[in-house]
Amino acid sequence: MRTDRIFGLAVVLGALAYIASAFQLQTSFLSDPVGSRTFPIIVGSVAAVCGLVMVVSPDPEPDWPHGRTWARLGIAVLVLVGYAYALRPWGFVLPTALAAGIISYQINPRPMAAALTGIGLSVGLYLLFKYALGLGLMALPRDFPG
Amino acid sequence: MEIFANLALGFSVALTPFTLFLAVVGCFLGTIIGAMPGLGPSNGVAILIPLAFTLGLDATAALVLMTSVYYGAMYGGRISSILLNIPGDEPALMTTLDGYPMARQGRAGDALVISGVASFFGAFMATIGLMLLAPMLARVAYLFGPAEYFALYLLAFCTLGGIASNNQAKAALAAAIGLGISMIGLDNTTGMPRFTGGNLHLMDGVDFLVAIVGLFAVSEVFFFIESHGRGSAIGVKLARITIPVKDIVNSGWTMVRATLIGFFAGVLPGAGASLGSFLAYTGEKAVAKDRDSFGKGNPRGVAAPEAGNNAAAGGALVPMLTLGVPGSGTTAVLLALLMTLNITPGPTLFADRPEVVWGLIASLLIANIVLLVMNVPLVKLFVRILTVPGWVLLPMVTMISFVGIYSLSGSYFDLLLMVAFGVMGYFFRKMDIPTVPIILGILLGNNMEDSLRRAMVISGGDWTFLFSSGIAIGLWVAAIAGFVAPMFLRGLLRKPQAITD
């Protein structure tokens, strides 16, 4: 109940913002009868109506996870974001081993298994991508010592 | 006969050793992907698209590889349904109803063989149906102008939202979100940026592959973290596999009926394989004399949904190839593949690139035979794959997703966007907001807007032009009916929930 109401409200506000920014769109001299604003405004209006419906008649509350699980999910998101930033400067092998290991640990908290998964996946996938598929991946940072 | 000439052309493409090799690899990978709990046709195909793209395959080869994966995943989905009572993908849900009880009675091998044969029958017949129906529909599609296309896109969103979801408002919202995202980037007509917030990375728009991989594959990781990877079972036992000839013969008519139902469910834009298997199962149960034994391990209860969902998988290719409108989540992913390969689906595809269309059809026929061989005698091999635990599988899927998306653009921004879509997918699936309309919106948004604008250019701004032809009116009526009718039929067409122990 509450989730749908809050989310519906957020959708309405987001849709209004979307419509407002559609009105600000620059039009060029090469315009057609519809123009570049109409379609986004229609789409935004549909979304706003749907948001209102969710506020008025919400579904039963979804089955949300509890405290510890939220923490594990949060860690996973942070790891993935970090991985996205690390992939280019640090090469493939080290960030992958770390990220895969941590995610594996979040699914099944056994340190040994997670560490082996991380190392195995990073080396195995590197070999697969580099030699079987021929992707131009960098294994290690360019200025890696040694 | 024109069709035989076309088929000959198709087989001349498909029977080259390299294409054949790709079909076999695709079938093998697909069956593995389908069998793994948590990976199905849509996310399996999605994570492989960027890789297929970077391999530098030509259009036909890439298409053959990915559709083999698609068909393979449809076959493979039944394995975990039967053995673990966990559908490998959504369409395989109905197979759990009788497949798992059969496995508990010690007839897992029989259930796997029957469902394998049923899958083959459904998929093979549907491919033949595709062969007959698609060129006809392609001819009709020449009559489609911008007004008709606009109505057709609307129909796809309406039926997808109406039939495949539990809440109309949420389905429509998902479509609107997808369409809204597709507006980001340069306006096709005027060349001015829209909704980029001044961010250069967004100038090109949001790549649909980023959204697909995020929503379908990365979000799965979060679900596994939440459930601690339960569902990846270890130690599945399977006795010697024999062929239950009697059961297969007994369910012959079942397969025929289920294939017909499934194929037509697949052809409807937006309906897709889940609906096909659902209708096939309920239809079969309704006509059966031994209705009570359904749900308790009736072999026909295994044959019907499998024939139905594989027939629907073939049927879903008809609107995708001829009109460019996908009939299901997975065909939406295949449409993304076509667009990545710079192939525009539609009637002109049949005239301009016959080698692509007929090569694809011929390789589907070959893929089906390969799949039958793989899935009946070799099924034990795939059963072993089920024992790969979630804490290895999901990190692997994530890393492949990252490398795939990274290899497309080499930009960390797309990776961040993918993670954001993953988080969004997790919350939306929790809240029962369907994610397929989002993908469809991102894929079709620009085409939909373009056809609206083109229609208005033709008519000089007269909005009644949208309803000016019989085809357009028919599509509008179907769209409204497809969206509204399920609200009243919901009590009747309740989706069955998986049985629990």
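Residues numbered from 1 in each chain as written. Chains lettered and ligands numbered in written order. Predicted model: local features only at pLDDT ≥ 70, side-chain atom pairs only at ≥ 80, totals over all residues. Heavy atoms only, no water.

I'm lost on the pattern of salt bridges in this one. Help?
When the charged atoms of two side chains with opposite charge come close together, those side chains can pair. Residues and elements named next belong to chain B. Under the definition given, this model contains eleven salt bridges over all chains. Residue Glu284 is joined to Arg257 by a salt bridge in which the shortest nitrogen-to-oxygen separation is 2.9 Å. Of the two residues, Glu284 sits in helix 12 (residues 272-287) while Arg257 sits in helix 11 (residues 252-267), which places them 27 residues apart along the sequence. You can call Glu284 buried: its relative accessible area is 2%. Residue classification places Arg257 among the partly exposed residues on the basis of a relative accessible area of 34%. Each member of the salt-bridge network shares a partner with another, and the members are Asp187, Arg194, Glu449 and Arg453. (Salt bridge = Lys/Arg side-chain N within 4 Å of Asp/Glu carboxyl O. Helix = DSSP H or I, 4+ residues; strand = E, 2+ residues; numbered from the N terminus. Buried < 20%, exposed > 50% of the residue type's maximum accessible area, 1.4 Å probe, protein only.)

Looking at this structure, I do not really get unusual backbone geometry. What am I missing?
Trans is the common state for peptide bonds, and a negative phi is the common state for residues other than glycine. Residues and elements named next belong to chain B. Of note, Asn342 is a non-glycine position whose phi angle comes to about 65 degrees, a positive value. Inspection of the secondary structure puts Asn342 in the loop between helix 15 (329-340) and helix 16 (347-352). Of the residues examined, Asn342 reaches a relative accessible area of 69% and is grouped as exposed. Of note, the phi angle at Asp432 is positive, near 65 degrees, even though the residue is not glycine. Along the chain, the position of Asp432 falls in the loop between helix 20 (412-430) and helix 21 (436-459).

Explanation requested: the interface of chain A and chain B in the structure shown.
Many descriptions give the size of an interface as the accessible area lost when the pieces come together. With 62 residues of chain A at the contact, the number on the chain B side is 63 residues. A buried area of about 5400 Å², summed over both sides, lies between chain A and chain B, and 80% of it is on carbon and sulfur atoms. Connecting chain A to chain B are two salt bridges. As a salt-bridge pair, Asp4 of chain A and Lys170 of chain B come within 2.9 Å of each other at their nearest N and O atoms. (Contact = heavy atoms within 4.5 Å. Buried area = accessible area lost by both parts, 1.4 Å probe.)

I'm lost on the domain arrangement of chain A in this one. Help?
Along its sequence, chain A is carved into domain 1 (2-56) and domain 2 (67-132). In this structure, domain 1 of chain A and domain 2 of chain A have C-alpha centres spaced 38 Å apart. (Domains from an automatic or database assignment.)

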